[in-house]
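# Architecture and fold: a report
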Amino acid sequence: MSTTNHSSRRQFLKSGAIAAAGVAVPYYLTGDKVIADEQKSESANDRPLIGCIGTGSRWDAVGPNAMRLGDVVAVCDVDADHAAKGRQRSEAENKKKGRERKVDVVEDYRKILDRNDIEIVTIVTPDHWHSKIAIEAMKAGKDVYCEKPLTLTIDEGKKICKVAKETGRVFQVGTQQRSEMGQLFLKAIAMINEGRIGDIQKIHVAIGGSPTSGPIPVADVPKQLNWEMWLGQAPLVDYRFKPGGQWGNSRCHYEFRWWYEYSGGKMTDWGAHHVDIAQWGLDQQGIGGPLSLEPVMAKFPTPYADGMPTQDDRYNTPTEFHVRAMFPNDIEVSIRNECNELGFGNGIMFEGTKGRFMVNRGKLVGAPVEELKSNPLPEDAIQKVYKGMTPANGNAHMANFFECVKLRKDPISDVYSHHRAMTTCHLANIALRLDRTVKWDDKSEQIVGDDDANRWLAREARKGYEVTA
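Residues numbered from 1 in each chain as written. Predicted model: local features only at pLDDT ≥ 70, side-chain atom pairs only at ≥ 80, totals over all residues. Heavy atoms only, no water.

## Focus on the nonpolar core
Formed by 76 residues in total, the largest nonpolar core has its most connected members in Ile203, Met267, Ile348, Phe350, Phe357, Val359 and Ile430. Excluding residues within four positions of it along the chain, Phe350 makes contact with Ile192, Ile197, Ile200, Lys202, Ile203, Ile277, Ala278, Gly281, Gly355, Arg356, Phe357 and Val359. Judged by nonpolar contacts, the second largest core, of 46 residues, contains Cys146, Ala164, Ala234 and Val415. (Core = buried A, V, L, I, M, F, W, Y, C linked by side-chain atoms within 4.5 Å. Buried < 20%, exposed > 50% of the residue type's maximum accessible area, 1.4 Å probe, protein only. Contact = heavy atoms within 4.5 Å.)

The structure is reproduced here in structure tokens:
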């Protein structure tokens, strides 16, 4: 990076931070502010400074990928053990690059957002924290890399899109299938773009089912964990934990995915990947959001009444499910936990007027794929899919983000396309929980003719943790 480009980028970031200064959020846990221990040098080989918010198990992949392209100077986690691990790993990586940078550890993420020297933040928290932190980070003038699923509700997605437009921040969602996995998904979209299966008629999406837990007892909160802040906008409830398996059964680390209070089960966990690819394929044909979503089948770990679980001591997202989503032009997207009768338990099958193929993280198969041997895709087909850019060889998704930070353009997994995919996933969960078909108006972003279902588009946050745009 040249000194000239570096100065221009710093000036741009500084102006963004000043513009956002009027929307600072007061602390609710502490009135202290962090003052940077060191200012970023202006050397020609300098790299962006990163603050990492959330350093649990998933950060073990996200953090090191970011550190290939920038230097971490602060980490944040409400679990002190996670934070200590993040600092140790970050300082070790900095040292490898010949930078003896001290890495600060904080519990309150806003102390990272207050630092003017930090330009980029990674957000690798439980799902229910993503939107609030991301919105405040953009308002604080930071560019953002946030893990999927980006939102807990459709309303949160609307707010994120609004703030992204207002602030002009660069925002990459961690749906790595758009960049990596041997470019299998990029090739799939390129095949659709090039008309290799004709007009899409139906898409089968298999994303796996959620586990069940049985009763999980109330337990003492681990000493290193700030449970109240971990809960954030979610209701204040007892900490629960039962030993067993890789993680144990709990309301907390990793297992938060199986509680609607904090996530959306497999529908949002893997739907954020595969439904995203399915709608990416539809977007190439100019097709917007779903028209209706019908719950064909669902098995829950607990009985439900009026969309709410009747037991609070066990996982509550469906272990098995099938939702039929209808899109314009009579295109059906079938979202299930498995499609074994079609020969795959995880992946996406695109059916068109000229043939069909299946793609997942391990393979791209079908007659149209075999035809590529004699009739290959154009040389620029992948580049066209990838917004005119070329995926890097290794660490492609993070590299795309950092490149777009320099270019000030939307990366491959932008918040707008992700919001559309997550809208389908959230609507599917609403249909499953209420056990009835919901009809959707993509323009007004409202459920049609069902006031009760419409109230599920947002949720009330606990006082002090509201998500505001």
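From this point, things continue past the structure.
## Here we look at the confidence of the model for the chain
Averaged over all residues, the pLDDT of the chain is 91; the fraction at 70 or higher stands at 90%. Confidence drops under pLDDT 50 across residues 1–44; counting only partners more than four residues distant or on other chains, this segment forms 75 contacts. (pLDDT = per-residue confidence, 0-100.)

## Describing the pattern of salt bridges
Under the defined criterion, the tally for this structure stands at 38 salt bridges. A salt bridge links Glu228 to Arg462, with the nearest nitrogen and oxygen atoms 3.0 Å apart. You can see Glu228 sitting in helix α8 (residues 227–231) and its partner Arg462 sitting in the segment after α15 (451–454), a full 234 residues away along the chain. For Arg462, a relative accessible area of 17% gives the class buried. With a closest N to O distance of 2.7 Å, Asp452 and Arg455 form a salt bridge. Residue Arg455 is classed as exposed on the basis of its relative accessible area of 53%. What emerges from the salt-bridge pattern is a single network uniting Arg47, Asp71, Arg99 and Arg101. (Salt bridge = Lys/Arg side-chain N within 4 Å of Asp/Glu carboxyl O. Helix = DSSP H or I, 4+ residues; strand = E, 2+ residues; numbered from the N terminus.)

## Quick look at the sheet that holds strand β1 (residues 49–53)
Pairing in this open sheet of 6 strands is parallel, and the strands run β3-β2-β1-β4-β5-β6 from one edge to the other. Since the sheet does not close on itself, it has two edges, and those belong to β3 (104–106) and β6 (171–173), each with one partner. Averaged over neighbouring strand pairs, the angle between their axes works out to 20 degrees when direction is ignored. The strands that helix α2 (residues 59–67) touches are β1, β2 (71–76), β4 (120–123) and β5 (143–146); relative to β4, the one it contacts most, it runs at about 165 degrees. (Pairing = 2+ DSSP bridges. Axes fitted to C-alpha atoms, helices over the stretch in contact; angles between N-to-C directions.)

## Regarding unusual backbone geometry
With omega at -15 degrees, the peptide bond leading from Lys148 into Pro149 counts as cis. Positioned with a positive phi, Asp306 is a non-glycine residue whose angle comes to about 55 degrees. Structurally, Asp306 can be placed in the loop between β11 (304–305) and β12 (308–309). Owing to a relative accessible area of 68%, Asp306 belongs among the exposed residues under this scheme. One non-glycine residue with positive phi stands out, namely Glu445, at about 55 degrees.

## Examining the pairing of strand β10 (residues 292–299)
As paired elements, β10 and strand β13 (residues 320–327) share 7 bridges and run antiparallel to each other. From the neighbouring strand, Leu293 faces β13, where its bridge partner is Ala325. As paired elements, β10 and strand β18 (residues 438–441) share 2 bridges and run antiparallel to each other. Across the sheet, residue Ser292 finds its bridge partner in β18, namely Lys439.

## Section: the side chain of His273
Within the secondary structure, His273 sits in helix α10 (residues 271–283). Here the side chain of His273 touches Arg361 through a polar contact of 3.2 Å, side chain to side chain. Contact partners of His273, with chain neighbours within four places excluded, come to Lys148, Gly174, Thr175, Gln176, Gln177 and Arg361. (Polar contact = N/O pair within 3.5 Å; in protein donor to acceptor, adjacent residues only side chain to side chain.)

## A look at the packing of aromatic side chains
Scanning the model with the defined rule gives 12 aromatic pairs in all. A centroid spacing of 5.2 Å and a plane angle of 85 degrees characterise the contact between Trp227 and Tyr239, whose relative ring orientation is edge-to-face. Here Trp227, found in helix α8, pairs with Tyr239, found in the loop between α8 and β8 (241–242); they are 12 residues apart in sequence, far enough to count as distant. Since its relative accessible area comes to 7%, Trp227 is described here as buried. The class of Tyr239 is buried, set by a relative accessible area of 9%. Measuring from ring centre to ring centre gives 5.1 Å for Trp230 and Tyr262, while their planes differ by 70 degrees; the resulting arrangement is edge-to-face. Remark: Tyr262 occurs in the loop between β9 (249–250) and α9 (266–269) and Trp230 occurs in helix α8; sequence separation between them is 32 residues. With a relative accessible area of 0%, Tyr262 lands in the buried category. Every member of this aromatic cluster is reached through a ring pair, and the members are Trp227, Trp230, Tyr239 and Tyr262. (Phe/Tyr/Trp six-rings, centres within 6.5 Å; stacked < 30°, edge-to-face > 60°.)

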